[in-house]
Amino acid sequence: MSVLRLELDAIAIAYGAMQVLEDISLTVQSGEFVSILGPSGAGKSTLFRILTGAASSQSGEIRFDGRPISTQDRPFAFMPQRDALMPWRRIIDNCTLGLEVQGMSRRDARAKVAPLLAEFGLVGFERHYPAALSGGMRQRAALLRTVVQERPMLLLDEPFGALDALTRSRMQAWLETMWENHSWTALLVTHDVREAVMLSDRIYILSPRPARIVREISIDLPRPRLADHAIRAKAAAIEADILDTLFSFQEEPTP
Amino acid sequence: MAFDAQSRRGTPLSRHVCRHLPAIGAIAAIFVLWEAYVRLSGISATALPSPSDVVEQAWINRDALWRNTLPTLAATLAGFGCSLIVAFALSIVVDFSPLLRRALFPVFIASQTLPLVAIAPLVVLWFGFGLLPKILLVALVTFFPMLVALVEGYAATEREIEELLASMGASGTRRFVTARLPSALPYFFAGLRISVTYAVVGAIFAEYAGAVSGLGIYILTAKNNFRPDLVLAAVLVSSLLTLALFGATILLQRIVMPWASPAKEIRP
Ligand SMILES: Nc1ncnc2c1ncn2[C@@H]1O[C@H](COP(=O)(O)OP(=O)(O)OP(=O)(O)O)[C@@H](O)[C@H]1O
Ligand SMILES: [Mg+2]
């Protein structure tokens, strides 16, 4: 039995004369991990900006738990495409940011974050400034900052996009484990096909700008996926299929 | 390589000296050339005194120089302090209200086009020979660079950080305090370093236009007595004063922005 959490109905947005999202309809069930795959510049981050309220859609409707999103507090914990860690805050204080904004005292917020540091591989680095951390650690800190807010749903915008291939694979395996343990509801934006297949219950594929949803794929592979050789082989077939869809888009000049 | 090994072994002080060696060398070279020129050309001391003369006179007149440095320092710090407070307050107003920004900025820019030569005597005429006109003139020359530094600093805030805060439900005030203000700090300190040099020059200029004491009036008196050595001695003191204030801003930046100091990795 799954419960509908997020529902996007015919979302469209243009920046000036440029139509970015044309017609986006999608759903996310409670406890489901859904990915959005699409070419660069398709408008994936823009979709998240609409969800978090940084941009408003021209038309269409967003419902969360059945009610229009505009009538409630934003239910999302958002992780932006670049980690957006504040260079002037120590790692621990970056991680407590969301809690402090919610009105928790710095002390309580730190007490709440501290036990999670180990799971996120940040022990011993909580007093460091972000500049002293590796890319992978920064991403984990940004993810910790996101999940510790305990919002009903996670929005992850290419969380591992800036990492090298090896670190990225490690982080994906790590996220998969975290996912098993925490049963979050999440919407992930990525252009890494493998990442989408390994982590998602369902994948939506976006067309190039103006973006529409061209395909929806359910991934019925058992979990954990990354550690299992046989599952990785099956996943490879799905990946190839998805790549075909992505390659079928015409090469279009970017402005 | 040899330099590397040495600097690792050396104390912090000697490492600082190493790093500033080129600057020290350049200054020394200028003084040596100047000294050599004065001695070899036989130019009269009333036209161009040698640097050794200047230093000697500065030492002989150290009491008078010190007495005149204090008012200049006071005017510089008070004027600069006022200008900082006003610039900070206005930067916030202007950051929150684009309308006020459009209304006020042309006025501020116009204030920068006023020639100091004309303004200084007027301000002295209006406010007398005391500290107030100096404070006003120092504030006038330093206010705008500081305001611009702050406003540009706010604008340099990473968009993603602000959107992140917004997604967390942060209010405008919270966004300003947690994101825009810290983002502006590097710009603020860049502005501070430039303005502090203007401030000293501004204070001396104001004194030149009329004062009871101060380096400006000292320079004026020395000039009228045909004592270029004393003029240059006062210039030397004002340069040292500026350098000291410049150094203070760098020190302050280290303290206020520990995350940006080069030692951040080893000193968490
Ligand atoms: N604030 C803005 N004003 C004008 N145009 C914008 C703005 N933000 C994004 N765009 C444009 O909208 C389009 C989609 O941008 P978006 O960042 O959503 O792409 P994306 O799918 O996230 O790409 P990537 O995978 O490279 O992150 C781009 O062409 C971009 O130039
Ligand atoms: Mg993006």
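All values reported here derive from a predicted model rather than from experimental measurement.

About the criteria used
Residues numbered from 1 in each chain as written. Chains lettered and ligands numbered in written order. Predicted model: local features only at pLDDT ≥ 70, side-chain atom pairs only at ≥ 80, totals over all residues. Heavy atoms only, no water. Helix = DSSP H or I, 4+ residues; strand = E, 2+ residues; numbered from the N terminus. Contact = heavy atoms within 4.5 Å. Patch = residues over 30% accessible without salt bridge, like charges linked within 9 Å, V, L, I, M, F, W, Y side chains within 5 Å. Areas by Shrake-Rupley, 256 points an atom, 1.4 Å probe, with all protein chains shown as cover. Salt bridge = Lys/Arg side-chain N within 4 Å of Asp/Glu carboxyl O. Buried < 20%, exposed > 50% of the residue type's maximum accessible area, 1.4 Å probe, protein only. Pairing = 2+ DSSP bridges. Phe/Tyr/Trp six-rings, centres within 6.5 Å; stacked < 30°, edge-to-face > 60°. Lys NZ or Arg CZ within 6 Å of the ring centre and 35° of its normal. Donors = N, O, S within 2.8 Å, 3.2 Å for Na, K, Ca; no water.

### As for the side chain of glutamate 35 of chain B
Point 1. Here glutamate 35 of chain B lies in helix H2 (residues 12-41).
Point 2. The contacts of glutamate 35 of chain B, once residues within four sequence positions are left out, are Ser50, Pro51 and Ser52 of chain B.

### What about a nonpolar patch on the surface?
All names here are of chain B.
Point 1. A cluster of nonpolar side chains, namely Leu122, Leu125, Trp126, Phe127, Leu132 and Leu136, defines an oily patch on the protein surface of about 630 Å² accessible area.
Point 2. Secondary structure elements with two or more residues in the nonpolar patch: helix H6 (116-127) and helix H7 (131-155).
Point 3. Tallying contributions element by element places H6 first for the nonpolar patch, with 4 residues.
Point 4. Turning to its location among the elements, phenylalanine 127 is positioned in helix H6.
Point 5. The exposure class of phenylalanine 127 is partly exposed, given its relative accessible area of 40%.

### Quick word on the pairing of strand S10 (residues 211-218) of chain A
Residues and elements named next belong to chain A.
Point 1. Two strands pair when backbone bridges link them, and strand S2 (residues 18-29) and S10 are joined in this way by 2 bridges, in the parallel orientation. By the bridge assignment, leucine 21 is partnered in S10 with alanine 211.
Point 2. Pairing of strand S9 (residues 202-206) with S10 involves 5 bridges; the strand directions are antiparallel. Bridge pairing links arginine 202 to serine 218 in S10.

### Some remarks on the packing of aromatic side chains
Residues and elements named next belong to chain B.
Point 1. Tallied over the entire structure, the rule returns 12 aromatic pairs over all chains.
Point 2. Aromatic side chains phenylalanine 31 and tryptophan 34 sit 5.7 Å apart centroid to centroid with 25° between the ring planes, which places their arrangement in the stacked category. With a gap of 3 residues between them, phenylalanine 31 and tryptophan 34 both fall in helix H2, about one helical turn apart.
Point 3. On the basis of an interplanar angle of 50° and a centroid distance of 5.4 Å, the ring pair of phenylalanine 96 and phenylalanine 176 is categorised as tilted. One end of the pair, phenylalanine 96, is in helix H4 (residues 62-96); the other, phenylalanine 176, is in helix H9 (residues 172-208), and 80 residues separate them in sequence.
Point 4. Following the ring pairs from residue to residue traces out a cluster consisting of Phe105, Phe108, Phe143 and Phe144.
Point 5. The side chain of arginine 62 reaches across the aromatic face of tryptophan 59, ending 4.2 Å from its centre.
Point 6. Across the ring face of phenylalanine 105, the terminal group of arginine 101 is positioned such that the distance to the ring centre comes to 5.4 Å.

### Some thoughts on the coordination of the magnesium ion (ligand 2)
Point 1. Coordination of the magnesium ion (ligand 2) by the protein comes from Ser45 of chain A (OG) and Gln81 of chain A (OE1), over a distance range of 1.9 to 2.2 Å. With serine 45 of chain A in helix H1 (residues 44-52) and glutamine 81 of chain A in the loop between strand S6 (76-79) and helix H2 (91-95), this pair connects stretches of sequence that are 36 residues apart.

### Considering the pattern of salt bridges
Residue and element names in this part refer to chain A.
Point 1. Here the structure, examined in full by the defined rule, presents 23 salt bridges over all chains.
Point 2. The salt bridge partner of arginine 212 is glutamate 22, with a shortest N-O separation of 3.4 Å. Of the two residues, arginine 212 sits in strand S10 while glutamate 22 sits in strand S2, which places them 190 residues apart along the sequence.
Point 3. Classification of arginine 212 as partly exposed rests on a relative accessible area of 37%.
Point 4. Using a relative accessible area of 36% as the deciding quantity, one classes glutamate 22 as partly exposed.

### Observations concerning the pairing of strand S3 (residues 33-37) of chain A
Residues and elements named next belong to chain A.
Point 1. Burial analysis of S3 places 5 of its 5 residues in the buried class, the great majority of the element.
Point 2. Burial of the side chains of S3 extends over both faces: Phe33, Ser35 and Leu37 are buried on one face and Val34 and Ile36 on the other.
Point 3. Relative to S9, S3 runs parallel, the two sharing 4 bridges. In the strand pairing of S9, valine 34 is matched with arginine 202.

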